[in-house]
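Understanding the architecture of this molecule
If you want the building blocks of each chain, they are given just below.
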Amino acid sequence: MTRATTHRLPQPIRASSDPETLAAEILRALKYRVGKDTTVATPYDWLTASIKVVRDRIIDEWISSTKEAYDQKEKRVYYLSLEFLIGRLMRDAFSNLGLLEDMRIALRSLGVELDVVAGLEPDAALGNGGLGRLAACFMESMATVGIPAHGYGIRYANGMFRQEISDGWQVELPENWLDHGNPWEFERRERSFEVGFGGHVESVTSKDGRLERHVWKPVERVLAVAYDTPVVGWRGSRVNTLRLWSSMAIDPILLDAFNAGDHIGALRESNKAEALSRVLYPADATPAGQELRLRQEYFFSTASLQDIVQRHLSQFGDLLSLPDQAAIHLNDTHPAIAVAELMRLFMDIHGVDFDKAWDATKRTFAYTNHTLLPEALESWPVPLFERLLPRHMQIIYAINAEVLLQARSAGNFNDAQISRISLIQEGGERRVRMGNLAFAGSHSVNGVSALHTNLMKETVFADLHKLYPDRINNKTNGITPRRWLFQSNPGLTGLAREAIGDKFLDDVTELKKLEKFAEDAAFREKFATVKRFNKERLANYVAARLGVKLDPSALFDIQIKRIHEYKRQLLNIIEAVALYDQIRSHPERDWMPRVKFFGGKAAPSYHNAKLIIKLANDVAKVINRDPAVRGLLKVVFMPNYNVSLAEIMMPAADLSEQISTAGMEASGTGNMKFALNGALTIGTLDGANVEIKEHVGDDNIFIFGLTAEQVDERRANGYEPRSVIEGSPELSQALAAISSGVFSPDDPQRYRELLDGLYQHDWFMVAADFDAYAETQREVEQVWRNSPDWYARAIRNVARMGWFSSDRTIRQYANEIWNVAV
């Protein structure tokens, strides 16, 4: 294997311990905190001891950061998110503290390899996709730029699921990430709050009959218990808190029932309570699943708000000053119920009248929208909502009356527009629109790319934007370079330091100085060596895990993301089939070796997405075994895609697939991670691809396909996909092969229904964009053949990606939304 140059990152501002001291502390932690000596210690014991040693150093700064926020009366940011996809924390924390290499030396002196024990740390099963990973990047960046912040979410015991592939099908298994405990977290039983559900609402009146307040009498109560994890900023200059809630029954066992012999029934309430924090995104295809989802969202929202209010009152005493001292941010619609809950706390618990409560609530909340997909803009059936949260339903009706009266008094809204503004969907089944609630209850509503923000104004929130024209703004997403360059790609980081020095470690926009090296042949060769090392690492991983042998000199073409029809993994698979046909039909041509990688999870109840995973695996099985292909094309589906796997795959990518239907991807952050690691992008003008194109330049990205406006035009003007398919020989032949059972001889009809959708409506424009996509892939091949040109373009991508740092994004949030000093 080619060896890339590695470099030690600079030491933190605060002096770190020397390796000898660290080694002695690791041994003490192993003995006194793990309870083992070196003769019987397992690799997990060494992992725990190492983390505890570094965690002790983090605690000092953690306490100091918290004390500073109190002493300086700093405004705090509270980031509410149903997902925090934080991945492994060991390498992240060690690196940010400047202790990574010293800990490596210390452990090696004890006969332990850091990379081995670090690989045992499980990915925290607290998220699924880009939403959760963005939240994790934002938490790290808030600590890095010095913003006092808390993240709030749920401590899922079993995450979403661990994906296994059995005969090509996705199988969902529990994600048992807490089997060995979590050495990073602190249980805070003293920060526990009761959470109510159901019951009824009573009105309290004065002696003269005036309504004074409402009292909600829940029929069911559970306990939310806090677990805190420190979030370390770059160089350890600030440590913030990720507070996750775990649910438990107030009475863990019904002792009377247990003593009466009903041993299972005695635990019924405990099991019901614990289900709230067991699984991320339980399937909502059933009424029970929908109820559990709503319970989860209220559970973590009210626990977080009770915690925030308690902290604020203990320091400032006056709840109406909350907007001046706290910025509460809603990461998508999942925590939107927090708007009604804060109103309840203001009015019912602290006696604030509606007008003052509504004004303070709006000034406290801000909301980020992450999707234009109607199904992702959550709504709940009114009967379910009213049964589970009766007081909140009353408050939402009151808010709705306020909003609709404002719209009506404006005089320029017709009935249809007012109906769309309403927080209650009246057509058909009456539902509570959580996106509208979040919009109405926030002073700021932001999109996550320029295109997405404009589409918000024109589509899903057009009428609310007309009512509140100053509310929508754009904050293009970003990624933390610490995780996605320094840690995941030390070879490239070291090469950059050799070329331009260390300034980019603190200001990633300094990477722009690399641009001049794109024309330097010696530097390009070094860059190619780093890329080759990363590709060999991935090839070895695939060989060990999947038994598939790959050629690192082939173009590594990677699409890894949540499986969804709008992300168009299907387009990529169909193109692979078409390329397979061409390679077999024309063996005389000079074909370029290529490996197509896929990875991602499908929601358990999303039939078509799971079918796409099966198709990818079926196609891989046929192509990889066909001797006529001569190894020129291979297809690999990577099971259980997560943060740690992304850290291996992204530095190894030559080509980044960002091919969503234009107008449907809010932003994407995988596109940024790939480009920062020197992959060229093939993509549509969707999400942040538009801005990446503006920054890296037209010659350094491969753009194809319909624009968002053209997609809308086709959908509106009677698009006929059948004629498009019949007019494309490559596409029609590929579809015929799939639908006839070439890749599924055991079930020839398996993909007929999936492909029928392309012929009948092609909602995601797979057929419409196929020829342009295939043509652009051939352009990719031509550039790849010219190695100096390819690597020059790749270097320009790295050099021009500094703007997409989450540090930049967070500073924009702080200055333009939260009013927090940075």
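Right, let's walk through the structure included here. These numbers come from a predicted model, not from an experiment.

The rules behind the values
- In this convention, every chain numbers its residues from 1, walking through the sequence in written order.
- Confidence filtering applies because this is a predicted model: local features only for residues at pLDDT of at least 70, side-chain atom pairs given and counted only at 80 or more, and all residues used for totals across whole chains, interfaces and linings.
- Computation of side-chain values: all heavy atoms of the structure, hydrogens and water removed.
- Counted as salt bridges are all cases of a side-chain nitrogen of Lys or Arg within 4 Å of a carboxyl oxygen of Asp or Glu.
- Only DSSP runs of H or I covering at least 4 residues are called helices, and only runs of E covering at least 2 are called strands; the numbering of each starts at the N terminus.
- Relative accessibility thresholds used throughout: buried, under 20% of the residue-type maximum; exposed, over 50%; partly exposed, between the two (1.4 Å probe, protein chains only).
- Strands qualify as paired when DSSP identifies two bridges or more between them.
- Helix axes are fitted only over the stretch in contact, all axes being lines through C-alpha atoms; the angle between N-to-C directions runs from 0 to 180 degrees.
- The labels follow the angle: roughly parallel below 35 degrees, roughly antiparallel above 145, roughly perpendicular from 65 to 115, and oblique for the rest.
- We call two residues in contact whenever any of their non-hydrogen atoms come within 4.5 Å of each other.
- Residues are sorted three ways: Asp, Glu, Lys and Arg are charged, Ala, Val, Leu, Ile, Met, Phe, Trp, Tyr, Cys and Pro are nonpolar, and all the rest, Gly among them, are polar.
- The handedness criterion is simple: a crossing whose near helix is rotated anticlockwise from the far helix by less than a right angle is left-handed, and one whose near helix is rotated clockwise is right-handed.
- Each patch is built from salt-bridge-free residues with over 30% relative accessible area, joining like charges within 9 Å and nonpolar side chains (Val, Leu, Ile, Met, Phe, Trp, Tyr) within 5 Å.
- Exposure was quantified through the Shrake-Rupley algorithm and a 1.4 Å probe, taking into account, for residues, occlusion by the shown protein chains and nothing else.
- All tallies of charge rest on Lys and Arg as positive and Asp and Glu as negative; His and the ends of each chain are not included.
- Here the site of a charge means atom NZ of a Lys, CZ of an Arg, CG of an Asp or CD of a Glu.

**Topic: the pattern of salt bridges**
Applying the stated criterion to the full structure yields 65 salt bridges. One salt bridge in this structure joins Glu220 and Lys272, with 3.6 Å as the shortest N-O distance. Residue Glu220 is found in strand β8 (residues 220–232), and its partner Lys272 is found in helix α8 (residues 268–274); the two are separated by 52 residues along the sequence. Glu220 sits in the buried class, given a relative accessible area of 15%. The closest approach of N and O atoms between Glu274 and Arg278, which form a salt bridge, is 3.7 Å. Three or more residues are tied together by salt bridges with common partners; here these are Asp557, Glu575, Arg594, Lys596, Glu657, Arg778 and Glu781.

**Considering the pairing of strand β15 (residues 444–447)**
Both faces of β15 are covered, namely the face carrying Ser444 and Asn446 and the face carrying Val445 and Gly447. Pairing of strand β11 (residues 365–368) with β15 involves three bridges; the strand directions are parallel. Looking at β15, one finds that Thr368 is bridged to Asn446. As judged from the three bridges shared by β15 and strand β16 (residues 472–474), these two strands associate in the parallel manner. Each bridged residue has a counterpart across the sheet, and for Val445 the counterpart in β16 is Ile472.

**So, the packing of helix α31 (residues 766–785) against helix α32 (residues 787–799)**
Between α31 and α32, the least distance of the axes is 5 Å, while the angle of their chain directions is 105°. With respect to their mutual orientation, α31 and α32 come out roughly perpendicular. Contacts from Val780, Val783, Trp784 and Arg785 of α31 reach α32 at Ser787, Asp789, Trp790, Tyr791 and Arg793. Classifying every residue of the contact of α31 with α32 gives five nonpolar, one polar and three charged.

**Digging into helix α29 (residues 729–739)**
Those residues of α29 that fall on the buried side of the exposure criterion are Leu731, Ala734, Leu735, Ala737, Ile738 and Ser739. Along its buried surface, α29 packs onto α22 (569–585), α23 (607–625), α28 (721–726), α30 (752–760) and α31. Directly beyond the C-terminal end of α29, a positive phi value near 95° is found at Gly741.

**Quick look at the side chain of Lys610**
Here Lys610 shows up in helix α23. Among the residues examined, Lys610 registers a relative accessible area of 18% and is labelled buried. Residues contacting Lys610, with those up to four places away along its chain left out, are Trp169, Gln170, Glu172, Ala602, Ala603 and Pro604.

**Some thoughts on unusual backbone geometry**
The backbone of Arg235 sits at a positive phi, close to 65°, despite the residue not being glycine. Within the secondary structure, Arg235 sits in the loop between β8 and β9 (239–249).

**Overview of the sheet that holds β16**
An order of β5-β8-β9-β2-β1-β10-β11-β15-β16 is seen for the nine strands of this open sheet, with the pairing classed as mixed. The sheet terminates laterally at β5 (186–197) and β16, the two strands that pair on one side only. Within the sheet, the average angular offset between the axes of one strand and its neighbour, ignoring direction, is 25°. The strands touched by helix α2 (residues 43–71) within the sheet are β1 (76–80), β5, β8 and β9, with β9 carrying the most contacts at an inclination of about 95°.

**Thoughts on the sheet that holds strand β13 (residues 424–425)**
The antiparallel open sheet is built from three strands, whose spatial order is β12-β14-β13. Each edge of the sheet is formed by a strand with only one pairing partner; in this case those strands are β12 (379–381) and β13. By the bridge criterion, three bridges tie β12 to strand β14 (residues 431–433) in an arrangement that is antiparallel. When the bridges of β14 are listed, Pro381 appears paired with Arg431.

**Describing the environment of Phe258**
Structurally, the position occupied by Phe258 is in helix α7 (residues 255–259). Beyond its immediate sequence surroundings of up to four residues, Phe258 is in contact with Ile253, His263 and Ala266.

**Thoughts on the packing of α29 against α30**
Geometrically, a packed helix pair is captured by the angle between its two axes and the distance between the axes. At their nearest, the axes of α29 and α30 sit 9 Å apart, and the two run at 155° to each other. When the axes of α29 and α30 are compared, the pair comes out roughly antiparallel. When you trace α29 past α30, the crossing you get is left-handed. Of the residues in α30, those in contact with Leu735, Ile738 and Ser739 of α29 are Arg752, Leu755, Leu758 and Tyr759. Considered class by class, the residues forming the contact of α29 with α30 number five nonpolar, one polar and one charged.

**Re a negative patch on the surface**
A contiguous patch of negative charge, built from Glu458, Glu709, Asp712 and Glu713, is present on the exposed surface. The leading source of residues in the negative patch is helix α27 (residues 708–716), at three residues. Tracing the chain through its elements places Glu458 in helix α17 (residues 450–458).

**Thoughts on a nonpolar patch on the surface**
Where nonpolar side chains cluster on the molecular surface, the patch consists of Ile253, Leu255, Phe258 and Leu267 and spans about 310 Å² of accessible area. Classification of Phe258 by relative accessible area gives partly exposed; the value is 33%.

**Quick word on the pairing of strand β10 (residues 326–331)**
Within β10, six of the six residues are buried, which leaves it mostly tucked inside the rest of the structure. As judged from the five bridges shared by β1 and β10, these two strands associate in the parallel manner. Across the sheet, Tyr78 pairs through a bridge with Ile328, a residue of β10.

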